[in-house]
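# Observations on chain architecture
Next come the chains, spelled out residue by residue.
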Amino acid sequence: MSDYDSRLRLYALANPADFAAQGATIERLVLQTLRLPPSPLRRVYISPSSGWFEYTALDELWERSTPPTLPAAPAAMKAAEELLANLERACSDANRAWPTSLRGMALFPPIAMLQRIGLHAVPRPDGSNWDHWIYRAQPRLALDGGSKTRADVFGAQIEVRIGHMGQPISVRSRWTPLSGEQQFTDLSAFRPSAAEDAKDVDSADTTAPPIRFSLDGDGIPQYYLAPYYFASDDGEYDMTSASPYSLTVAVDLTRQDKSGMTLTALARGGSGNYAYNWGVYSMPLVENGIRELGPGSTVIISNGDGRPVASSIKLDSRACIVALNVKDRATGAFKHHQQQIYPRIPVEGDVEVSSSQLA
Amino acid sequence: MKCADSATGWTFDCLTDVSGQPQDGGLVLQKVRHDGHNFAKDIRTVGLWFEFEKFDALGQSQGVHKVLCPLAASQGFVVSPVRLLVPKTMAYPEVVQKIKGHAQTFKYLEESNTALLFSDYFRDGDNAVAFGVAAKYDGSLVLDSLVWELGFPPCEYSGFSVEQIFLFSRYSNVPAHEPSGALLAARFHPLIHYQLTKNTAYDPMLSRTRIRSIRFDYRLHLYLDSSHEFTEKPDAAQTRKRRSQGNQAGLFADRDSLGFWRSVTAPVRDMSTLAFAAVEKPLVLEVTAPGLFKGVSEGGDLAVPPPEGKVSCWDNIHWWGTRYAANTYISAPGAFHAAHCHWRWGELINNTGIIPGADYDYGFRHFLPGKPLVDLGIFMQTIKVAVTRLTSWRDPEQTPLAKLTTSEWADFFDGKHSFAAQPIDTGDDIVLWYSTEVASEVTIPSLGNTPFYAADSGTVFLHGIFFAHDAEKSGGAVGSTEAQYRPRSADEIKRAGKWFRPAG
């Protein structure tokens, strides 16, 4: 086995706007695959913010006037999986009609690597009948250079709904297309988060948890898929870095007094030499957009990572959502982070410093 | 008005009159779905109440009175047409756009700092976050009218303006919905922002009227899809009866401390026991339940006598489609296909990371636990929730809006003319009633003897509801899918038959 085989892959994401710009062509290819003529009742949409794909038969999904006749489960499963294979061929280099500007990139995740999650029948809200089958699958990618291990892409999911007489009535692909560029990186040792650290050391499970890639969501700036450990944390997943490119970011309300609240952001997983840029918005004033605040004040923290760079910023004590773009100056690793902030009830003469590291 | 936004994946009908104004009472949304997954059948506000207190010139209270103030032109509001909020696209920096497919991503990130700039992704002044509808209600003399009709003296405020902003976000993991930061969901924020305007004719030396509280009552007829896994044909007789089982809900109170015994036994306890101080999953009977009491979670934190002074509040409610397999429910914690409504997280969340002097490499409480998730200026909110079966007398399609709310919120459910709490544990067509009442002031002895006063403006329901519709996950990393009852067992709840069931 070569060194290359044991290294981890990073997958660069395509610019979703490139796919959205070819929306009309892709719609034609998708409808051809479905053997349907263009119609206002057939919606094909590619999100310019994420590249996520939607096909919906608007007059079928929940709206069919007569009760659908659904196929048996095995037939529905087959219909869903065959459709995905056909869509993959139609929307990739395998199709000669695939736009030149998208050559080398595919709209859907590698279908052969999908992990089937299940098939379920979904009833209509009034209970009058079953409306359709929903088929779900989990996208996966090769984790290591040797392609011996596959890893789930957390946040990605494929859904196909099969309706009347086995017809596909909806496809949803929560998947941002890959650009084709890959980079290799080293596996970082598993280091549990503070909450895990604080549990009984003798009984703590030191086994490294599963590794998954993470797709952060629709409309969230993200340049590449990086691997993370997904540890169990009181019944939920706790993401920690699995490579120097797999940054995590957390924000803490570290001080609050009459003049406002101080928020401190700390990245983890990279070199420690981080650059930050803050933004803020509030839900009631969402139409005002995200206001850029700047890099904040540099804070050096002493912890298990050495002396990583954190950043602090002072804001009025109001509920808000802070946004952060973080870059590792040493590697270029990037992470966009947002976090809801609710200031605490103010107490006269009292301040709160929750991170003892901020000496 | 059909509202569909492919950019966020949300679709719904917004009921309006011919001029595009919302119906009397406020925004009404129906058939609310995200990515084709049902979320709600009907969402609306059903009541807005003022509690006034009359004082004489010596400052002696002369009585209190509650008045319903529907959001309607007949109440004196100038009502705007419904406004659509459409989010702009998130775009990548121009320099990256010119590179086909971002084909030199890693080189670009290493060499350039433009990735840090916000203005490339989200243009200044553009909503890049949420789809939604909004309506304004300008009530410059609404309070004057209400007080005058009561025969009360002038109020400290004369005007009351409201904006309803019902927002729907994209599906993402950012901002984090759960403390773990690893649960994708789309968010729904049914916000009501209000502004009181001072009465220039008000004289505190004369007899006068004060606002004691403002209460906002919502009716949220949530409906999430059931999904049934079976291999036979779906119209087989044994499955036909399953398809109308409706929804279930659960109430949860997070732990605020682990305690010594639970700490040492943590490795052998199940996650639900560690995470929740109290739980009723699924709800056994229809219920009314406290969520916050004037901004705190424990009635004992306020200087009030029992019964309120002894009440412990719930922190969240979850809602899901009844599952096919008998006696299995959504995982908790987890709930990967569920509506999550959290107005507070327990102190235990991430709390272990801040032990003074400890050298943790990641000692940040990245979810700010133990605080009510409310607008700080009006934090003194009393949140109450009820879950009921759908009945004709609780259905706005069949009952006038004014009869869907009562001056004492709980009387609508548990009053002398009401019925006993009905069983809902096996699934039903159920409705969530959410109420938040902003008190004008509160004193919290542990924080000092100086009262906190509510601001003249604020926004309620900031925390919103997040809607996850992923496949349920399995394995050791998720919580229990079994029924959970603590501190009262299901049998005790059934026997007692009480509507009002606090966490403790």
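Every value quoted in this text rests on a predicted model; they were computed, and no experiment measured them. Counting starts from 1 at the beginning of each chain's written sequence and moves along it residue by residue. Chains and ligands are labelled sequentially in the order written, the chains with letters from A and the ligands with numbers from 1. Two thresholds apply to this predicted model, a pLDDT of at least 70 for residue-level local features and 80 or more for giving and counting side-chain atom pairs, whereas whole-chain, interface and lining totals are computed over all residues.

### A word on the overall build of chain A
A run of DSSP states H or I qualifies as a helix once it reaches four residues; a run of E qualifies as a strand once it reaches two. Both are numbered from the N-terminal end. Broken down by element type, chain A carries five helices and 22 strands. Here a residue counts as buried when 20 or more other C-beta atoms fall within 10 Å of its C-beta, as exposed when 12 or fewer do, and as partly exposed in between; the C-beta atoms come from the backbone. Counting every position in chain A, which comprises 359 residues, the buried fraction comes to 56%. Residue pairs at least 24 apart in sequence account for 63% of intrachain contacts in chain A once pairs closer than 6 positions are excluded. Throughout, a pair of residues is in contact if the C-beta atoms placed from their backbones lie within 7 Å.

### Focus on the environment of Arg-389 of chain B
Among the structural elements, Arg-389 of chain B can be located in strand E17 (residues 381-389). Sequence spacing of Arg-389 of chain B and Leu-285 of chain B is 104 residues, and the spatial spacing of their C-alpha atoms is 9.5 Å.

### A look at the confidence of the model for chain A
Residues and elements named next belong to chain A. Looking at any residue, its pLDDT shows the predictor's confidence there, from 0 to 100. The share of residues in chain A with pLDDT of 70 or more is 90%, and the mean pLDDT across the chain is 89. Predicted confidence for residues 195-204 stays below pLDDT 50, and this span has 18 contacts to residues more than four positions away or in other chains. This model gives residues 352-359 a pLDDT under 50, and the stretch forms 27 contacts once residues within four places in sequence are excluded.

### What to know about the packing of helix H3 (residues 23-34) of chain A against helix H4 (residues 73-90) of chain A
Residue and element names in this part refer to chain A. In this description, a line fitted to the C-alpha atoms serves as the axis of each element, helices being fitted only across the stretch in contact, and the angle between N-to-C directions of two axes falls anywhere from 0 to 180 degrees. Two elements in contact, H3 and H4, have axes separated by 10 Å at closest approach and are oriented at 145°. Handedness of the crossing formed by H3 with H4: right-handed. Contacts between H3 and H4 pair Leu-29, Val-30, Gln-32 and Thr-33 from the former with Asn-86, Leu-87 and Ala-90 from the latter. Looking at side-chain class alone, the contact of H3 with H4 contains four nonpolar, three polar and no charged residues. By the definition used in this description, the sense in which the near helix is turned from the far one sets the handedness, with an anticlockwise turn below a right angle giving left-handed and a clockwise turn giving right-handed. Residue type decides the class: Asp, Glu, Lys and Arg count as charged, Ala, Val, Leu, Ile, Met, Phe, Trp, Tyr, Cys and Pro as nonpolar, and the leftover types, Gly among them, as polar.

### A closer look at the pairing of strand E14 (residues 287-292) of chain B
All names here are of chain B. Counting buried positions along E14 yields six of six residues, so the element is predominantly enclosed. Looking at chain direction, E14 and E17 are connected through five bridges and run antiparallel. When the bridges of E17 are listed, Pro-290 appears paired with Lys-384. The pairing criterion for strands is at least two bridges between them, as found by DSSP.

### Details of the pairing of E17 of chain B
Residue and element names in this part refer to chain B. The buried count for E17 comes to eight of nine residues, which makes it a mostly enclosed element. Bridging between E17 and strand E18 (residues 430-439) involves nine bridges; their strand directions are antiparallel. Opposite Lys-384, over in E18, you have Ser-435 as the bridge partner.

### Considering the confidence of the model for chain B
All names here are of chain B. Scored by pLDDT, chain B comes out at a mean of 87, with 86% of its residues at no less than 70. The low-confidence segment residues 260-264 (pLDDT under 50) makes three contacts with residues lying over four places distant or belonging to another chain. With pLDDT under 50 throughout, residues 351-363 is counted as low confidence; its partners more than four residues away or in other chains account for 38 contacts. Both scores are given for the predicted complex: the pTM is 0.93, the ipTM 0.93.

### Quick notes on the sheet that holds strand E18 (residues 291-294) of chain A
All names here are of chain A. An order of E18-E17-E21-E22 is seen for the four strands of this open sheet, with the pairing classed as antiparallel. In the strand order of this sheet, the two ends are held by E18 and strand E22 (334-341), each with one partner. Each adjacent strand pair in this sheet contributes to an overall mean axis angle of 25°, direction not counted. Sheet analysis places strand E17 (residues 274-281) next to E18, joined by three bridges and oriented antiparallel. Note on E18: the bridge partner recorded for Trp-278 is Gly-294.

### Here's the deal with the sheet that holds strand E16 (residues 260-268) of chain A
Residue and element names in this part refer to chain A. Strand order in the open sheet made by the four strands is E15-E16-E20-E19, with antiparallel pairing throughout. In this open sheet, the two edge strands, each paired with only one partner strand, are strand E15 (248-257) and strand E19 (297-300). With strand direction ignored, the average angle separating the axes of adjacent strands in the sheet is 30°. As paired elements, E15 and E16 share nine bridges and run antiparallel to each other. Of the residues in E16, the one forming a bridge with Asp-252 is Thr-264.

### Some thoughts on the domain arrangement of chain A
Delimitation of the domains relies on an automatic or database domain assignment. On domain assignment, one finds that chain A holds domain 1 (13-177), domain 2 (182-241) and domain 3 (248-341). Distance between the C-alpha centres of domain 1 of chain A and domain 3 of chain A: 37 Å.

### A closer look at unusual backbone geometry
The phi angle of most residues is negative, glycine excepted, and most peptide bonds adopt the trans form. Residue and element names in this part refer to chain B. In this structure, the amide linkage connecting Lys-281 to the following residue, Pro-282, adopts the cis form with an omega of -10°. Within the fold, Pro-282 resides in the loop between strand E13 (276-281) and E14. A cis amide bond links Arg-486 to the next residue, Pro-487, at an omega of 5°. The backbone phi angle of Lys-31 is positive, close to 50°, even though this residue is not glycine. Structurally, Lys-31 is set in strand E3 (residues 28-34). Look at Lys-31 and you get partly exposed, because 18 C-beta atoms sit within 10 Å. At Lys-294, a residue that is not glycine, the phi angle is positive and equals roughly 50°. Tracing the backbone shows Lys-294 in the loop between E14 and strand E15 (316-321).

### Description of the environment of Tyr-329 of chain B
Residues and elements named next belong to chain B. Relative to the helices and strands, Tyr-329 resides in the loop between E15 and strand E16 (337-342). In this structure Tyr-329 comes out as buried when scored by C-beta crowding, with 22 C-beta atoms within 10 Å. Separated by 96 residues in the primary sequence, Tyr-329 and Asp-425 place their C-alpha atoms 11 Å from one another. For Tyr-329, the residues in contact, after removing those within four places along its chain, are Gln-248, Lys-281, Pro-282, Arg-323, Thr-481 and Ala-483.

### Examining H3 of chain A
Residues and elements named next belong to chain A. Compared with the 16 Å implied by 1.5 Å per residue over twelve residues, the 16 Å span of H3 between its first and last C-alpha is a close match. Those residues of H3 that sit buried are Ile-26, Leu-29 and Val-30. All buried residues of H3 fall inside an arc of 100° around its axis, so they share one side. Directly beyond the C-terminal end of H3, a positive phi value near 55° is found at Arg-35. Here, expected helix span is obtained from the residue count minus one, scaled by 1.5 Å. Comment: arc refers to directions from the helix axis out to C-beta atoms.

### Here's the deal with the environment of Pro-109 of chain A
Residues and elements named next belong to chain A. Along the chain, the position of Pro-109 falls in the loop between H4 and strand E4 (115-123). Residues Pro-109 and Arg-174 lie 65 residues apart in sequence; the distance between their C-alpha atoms is 9.4 Å. Pro-109 has contacts with Leu-114, Pro-139, Ala-156 and Trp-175, leaving out every residue within four places of it along the chain.

### Comments concerning H4 of chain A
For an α-helix, the turn length of 3.6 residues means that residues three or four places apart are oriented alike. Residue and element names in this part refer to chain A. Look at H4: 26 Å from first C-alpha to last across 18 residues, which is about the 26 Å you get at 1.5 Å a residue. Ala-73, Ala-76, Ala-79, Ala-80, Leu-83, Leu-84, Leu-87, Glu-88 and Ala-90 are the residues of H4 that are buried. For H4, the angular spread of buried residues about the axis comes to 165°, placing them on one side. Away from the buried face of H4 by more than 90 degrees, exposed residues Pro-74 and Glu-82 are located. The inward-facing, buried residues of H4 contact H3, E4, strand E5 (130-138), strand E8 (157-162) and strand E9 (168-174).

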